[in-house]
Amino acid sequence: MGLLSQQTTVTQVVIVVGFLLLLSVFAHVAKQILFKNPNEPPVVFSWFPFFGSTVIYGMDPPAFFHANRAKYGDIFTFILLGKKTTVYVGPKGNDFILNGKIKDVNAEEIYSVLTTPVFGKDVVYDCPNSKLMEQKKFMKVALTTQAFQSYVPIIADEVSSYFKKNPLFKSQSGIVNIGPIMAQLTIFTASHSLQGKEVRNKFDESLADLYHDLDMGFSAVNFVLHWAPLPWNNKRDHAQRTIAKIYMDTIKERRAAGQTNSQDMMWHLMNSTYKNGTPVPDHEVAHMMIALLMAGQHSSSSTSSWIMLYLAARPDIMEELYREQVEALGADLPPLTYEDLAKLPLNQAVIKETLRLNAPIHSIMRKVKQPMPVPGTKYVVPANQTLLAAAGVSASDPQYFPEPDLWEPHRWDKESPIAPRIPRSDPEKDETIDYGYGLVSKGSMSPYLPFGAGRHRCIGEHFANAQLQTITAMIVRMFKFRNPDGSNKVIGTDYVSLFSRPLEPANVYWEKREKIA
Ligand code: HEM
């Protein structure tokens, strides 16, 4: 075949493909204009089939929700990688999705492809929901007041020894990219308190790199490519096997040593039994250990980074936090205890306010199992679609939070002119419910749900609060922060990974209050 005819064939193929693409765009647009179903929520207009609004949603999900809410109201549908996804924002939407019945909505069919290769078999989303509820109960009952009393000093010691040892903090002042620092502090404090000293010590050796490889399994692209023999998936699988073995070996050593006095989660799970009489097998304890650390790591490390960035933008609040500790605990600032945390309301409000504006989980998804009529509307959400709850939308709604974009921890003071206007729940209604892991507030009408609601609600809330409050209080004792340019600006959000976090480098200027030995 001559060169000329080869070129002609290529041109013909390009023309045919271009024509087909144009045709599919035309058909996609025509379908949206001509075949609107009045009994389904309005569909966000898009030009391209399959991709729909994927790119615009992925670039900035909260902006996407706000813009479309203004256009279509609280409930609308968009196309996310070929899947019709119905967003329902506001307290009613949160209740509809998060408190949805098990026969109507399902989490594991969405999340399992991503989580099972990372956590391992037979736990969380790789088992029936009733088993997850039992697993959550085991985890929740381990988090007793006594456990927290032991955790706070462990976390406080980890924070002070981290800054003493880290060469980046050798001098009296400097500039640091805060994200990686908070990620390390989170994993050291969580592993030591929840999993014990022997596991924590392994983070100085092999575990940090292995967890990093495991983390690669959580990239958004793995919703589609979780199965593919790609380099990052091979590393993920190797890391999962190796970490699980490290935990299982530790469990065997503990059993052999007959250790009984530990307050950590691993010890508690090793001694838990399912309702049917089966003790939790070692591989499930190991996999739950991975799940707990991974669930907490992204959310707490992102939140603590935001806290530090807000304090750098508001050095006045950092000073108030320091004075709060001096006044409540004494000028010598004695070792921090769990009881002390309750005496520091501004310290608590800083965490609450940061989670209001920067909750790390911006989208919570469920698969619809059977057609779901939306109460008070003519809409029915068809089976097999995805439902998406975005509790952050109501947390930044001026109806509930005056001056919603302002980070102001004092709004949580009782007399604040910008105090949250959260509707009081109806005492006639049963506002608490037990899904199998203890009584939880239904949270139905609350516009503030950074820890979710319903059967999949976070069981790590109290741990995360204790961890974040302790880390913040300890850093306030040691440092003064400000923005390197002295401004009160805060960096934008990175939505590329599944959990949103500050863009990097997120630089903070730090100065020691006094020489750390
Ligand atoms: C579930 C947020 C820290 C363990 C959730 C959910 C949210 C959330 C929104 C609900 C997800 C859904 O409905 O699909 C957060 C935030 C945290 C945090 C904002 C920190 C600031 C932690 C920590 C742990 C943890 C430290 C472990 C110690 C879990 C578990 C679930 C969960 C086990 C249950 C998943 C399910 O039932 O499907 N979290 N979390 N979280 N979280 Fe957290």
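Residues numbered from 1 in each chain as written. Predicted model: local features only at pLDDT ≥ 70, side-chain atom pairs only at ≥ 80, totals over all residues. Heavy atoms only, no water.

Digging into helix α10 (residues 207-215)
- Considered for burial, the residues of α10 that qualify are Leu207, Leu210, Tyr211, Asp213 and Leu214. Mapping the buried residues of α10 onto a view down its axis gives an arc of 155°, with all of them on the same face.
- On its buried face, α10 is in contact with α5 (108-119), α9 (197-202), α12 (231-257) and α14 (282-313). (Buried < 20%, exposed > 50% of the residue type's maximum accessible area, 1.4 Å probe, protein only. Helix = DSSP H or I, 4+ residues; strand = E, 2+ residues; numbered from the N terminus. Arc of directions from axis to C-beta. Contact = heavy atoms within 4.5 Å.)

Notes on the layout of surface pockets
- Looking at the second largest pocket, its volume works out to about 1200 Å³.
- Residue lining of the second largest pocket: 46 residues in total, with Lys352, Tyr448, Glu461, His462 and Asn465 positioned closest to the centre.
- Listed by contribution, the elements that provide at least two residues to the lining of the second largest pocket are α16 (338-341), α17 (345-358), β10 (439-441) and α19 (461-478).
- With 7 residues, α17 is the largest single contributor of residues to the lining of the second largest pocket.
- Residue classes in the lining of the second largest pocket are distributed as 26 nonpolar, 11 polar and 9 charged. (1 Å grid on protein atoms, 1.4 Å probe; cavity = no way out; pocket = protein on both sides within 12 Å on 5 of 7 lines; lining within 4 Å. Points joined across faces, edges and corners; volume = space filled by probe spheres on them. Nonpolar A, V, L, I, M, F, W, Y, C, P; charged D, E, K, R; others polar.)

Let's talk about the site of the ligand
- As a matter of local geometry, the ligand sits amid 27 residues, with Tyr125, Lys136, Arg366, His456 and Cys458 nearest to it.
- Lys136 places a polar side-chain atom, nitrogen or oxygen, 2.8 Å from an oxygen atom of the ligand.
- The separation between an oxygen atom of the ligand and a polar side-chain atom of His456 is 2.6 Å.
- Secondary structure elements with two or more residues in the shell around the ligand: α6 (129-142), α14, β5 (364-368) and α19.
- Tallying contributions element by element places α14 first for the shell around the ligand, with 6 residues.
- Looking at side-chain class alone, the shell around the ligand contains 16 nonpolar, 7 polar and 4 charged residues. (Near = heavy atom within 4 Å. Polar contact = N/O pair within 3.5 Å; in protein donor to acceptor, adjacent residues only side chain to side chain.)

Focus: the UniProt feature "binding site: heme" (unreviewed entry) in the protein chain
- In this numbering, the UniProt entry assigns the feature "binding site: heme" (unreviewed entry) to Cys458.
- For Cys458, the position within the fold is in the loop between β10 and α19. (UniProt positions renumbered as here; feature names shortened; annotations may be inferred.)

Focus on the pairing of strand β4 (residues 173-177)
- Every second residue of β4 is oriented toward a common face, the buried set being Gly174 and Val176 and the non-buried set Ser173, Ile175 and Asn177.
- When β4 meets strand β14 (residues 507-512), the two strands line up antiparallel, connected through 5 bridges. Residue pairing in the sheet places Val176 in a bridge with Val508 of β14. (Pairing = 2+ DSSP bridges.)

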